[in-house]
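# A look at the structure
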Amino acid sequence: MSDKLRVGILGGTGMVGQRFISLLEDHPWFEVVTIAASPRSAGKTYEEAVGGRWKMQTPMPEAVKNIIVKNVNDVEAVASEVDFCFSAVDMSKEEIKKIEEEYAKTETPVVSNNSAHRWTPDVPMIVPEVNPEHLEVIEAQKKRLGTTRGFICVKPNCSIQSYAPALTAWKKFEPTQVVATTYQAISGAGKTFKDWPEMEHNIIPFISGEEEKSEKEPLRIWGKVENGQIIPAEAPQITSQCIRVPILDGHTAAVFVNFKQKVTKEELVQALRDFKGAPQELNLPNAPKHFIQYLEEDNRPQVTMDVNYENGFGVSIGRLREDSLFDWKFVGLSHNTVRGAAGGALLMAELLKAKGYLTAK
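Notes on the structure follow. Here the structure is a predicted model, which is why all the values come from computation and not from measurement. The written sequence of each chain sets the order in which its residues are numbered from 1. Per-residue local features are limited, in this predicted model, to residues with pLDDT of at least 70; the limit for side-chain atom pairs, both in listing and counting, is 80 or more; totals at the level of whole chains, interfaces and linings are taken over all residues. Heavy atoms from the whole structure form the basis of all side-chain values; hydrogens and water molecules are not counted.

Our next topic: helix α12 (residues 338–354). With 17 residues, α12 extends only 20 Å from end C-alpha to end C-alpha; this falls clearly short of the ideal 24 Å at 1.5 Å per step. Where α12 bends most, at G344, the angle is about 50°. Accessible area is worked out with a 1.4 Å probe on protein chains only. A residue is then buried under 20% of its type maximum, exposed over 50%, and partly exposed in between. Where helices and strands are cited, they refer to DSSP runs of H or I of at least four residues and of E of at least two residues respectively, numbered from the N terminus. With 15 of 17 residues buried, α12 lies mostly within the body of the structure. The first or second residue beyond α12 is G356, which carries a positive phi of 90°. What a helix should span is 1.5 Å times the count of its residues minus one. The seven residues ending at a residue and the seven starting there each receive a fitted axis; the angle between those axes is the bend at that residue.

This is the structure we're talking about:
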């Protein structure tokens, strides 16, 4: 019998669910034992349920092919087989809120890729290097839910990962105003070019709900815990535009920033290179050795060269230079389905295990 924690994937047939399956192959701490999806997939093997819709560039792991997919709505049946679950269900926001709480109330922790609970005051929204201290609200959440080990923990929106880590590294210089334009890959919409041929040679200057998330979510991860709730930070002010571009994986951001303090380029670059957090200190299995890399070349970061930095768990920053209207400007890049989605949730689960929140039932 394996001593790994038993993992369930809720919404395991979609693109993010598939990314979870890929990232968990041969994981040292976690093992996928249960996959749940919509009623139409239930009763089929995972291989049959996915059919020709496997979207990863690596083959489907042999270990999951013959797992019989369960109905995600059979909460007790799914929860009885796992120690915790990852959530990537495709439902309305209210349905997601309801079902994630139902799983948590079976004493099954839920590590969610979904946005439904990002603004629930006692649900931590974690970038492991940035705000691990927010995990302390879990105790207040358990009291509300009436659980002893069940809770929900979420990761933030994929778009902010390309610039929020840099701004976090620069917090000591007190950023006051930020303009961020993100150029977002189609996998962020769960698509490939095969699914979405009209995106080839095309740009769409609108992604529903994305700009509000890009402006508000960084303030929540920079917030503080008070009375069992997370109170968002009030600064910096952030305004954004979010644009869909014909790239499969990788969100790029062009960012302008003002600081309260006078700061040199050398100080900014050194702060990026020195920045580390709990994943690096705890040596978590998927922790990037260097979370943020700074690239000196004028034509970097580039998706084709840099999106897989640190296996997609790292962030790349470049083109840092003084600006005529703002103090500084730069370009950031992150892998939106690794660091920005399933990988970010997996690293969060590793942090939760290292901190004692995830244990065997």
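Right, picking up where we left off after that structure.
Here the focus is unusual backbone geometry. Note on backbone geometry: most residues besides glycine have negative phi, and most peptide bonds are trans. Residue A235 is joined to P236 through a cis peptide bond whose omega torsion reads 5°. Relative to the elements of secondary structure, P236 occurs in the loop between β9 (229–231) and β10 (237–244). In this chain, R300 is followed by P301 through a cis amide linkage whose omega measures 5°. Position of P301 relative to the elements: it lies in the loop between β12 (292–295) and α11 (303–306). The backbone of E174 shows a phi angle near 60°, a positive value even though the residue is not glycine.

The term salt bridge refers to a pairing of a side-chain nitrogen on Lys or Arg with a carboxyl oxygen on Asp or Glu at a separation within 4 Å. According to the stated counting rule, one finds 17 salt bridges in the structure shown. Note that E101 and R144 form a salt bridge whose closest N and O atoms lie 3.1 Å from each other. Separated by 43 residues along the polypeptide, E101 in helix α5 (residues 93–105) and R144 in helix α6 (residues 138–145) bring together distant segments of the chain. Overall, the relative accessible area of 18% leaves E101 in the buried class.

To continue, consider α5. Compared with an ideal rise of 1.5 Å per residue, which puts 13 residues at 18 Å, α5 spans 18 Å between its outermost C-alpha atoms and is within 8% of the ideal. Within the sequence span of α5, burial applies to I96, I99, E100, E101, Y103 and A104. Only heavy atoms enter the contact rule, under which two residues are in contact if any of them lie within 4.5 Å. Contacts made by the buried residues of α5 are with β1 (5–10), α4 (75–79), β4 (84–87), β5 (110–112), α6 and β6 (152–154). In the segment just after α5, E107 is the residue with positive phi, at about 70°.

A few words on the environment of H117. When you line up the elements, H117 lands in the loop between β5 and α6. Taking the relative accessible area as the measure of exposure, H117 reaches 2% and is therefore buried. Residues H117 and P288 lie 171 residues apart in sequence; the distance between their C-alpha atoms is 27 Å. Within the structure, the side chain of H117 is placed 3.2 Å from the backbone oxygen of K97, a separation counted as a polar contact. Definition of a polar contact: a pair of N or O atoms within 3.5 Å, with one able to donate and the other able to accept a hydrogen when the atoms are protein atoms, and with sequence-neighbouring residues admitted only if both atoms are side-chain atoms.

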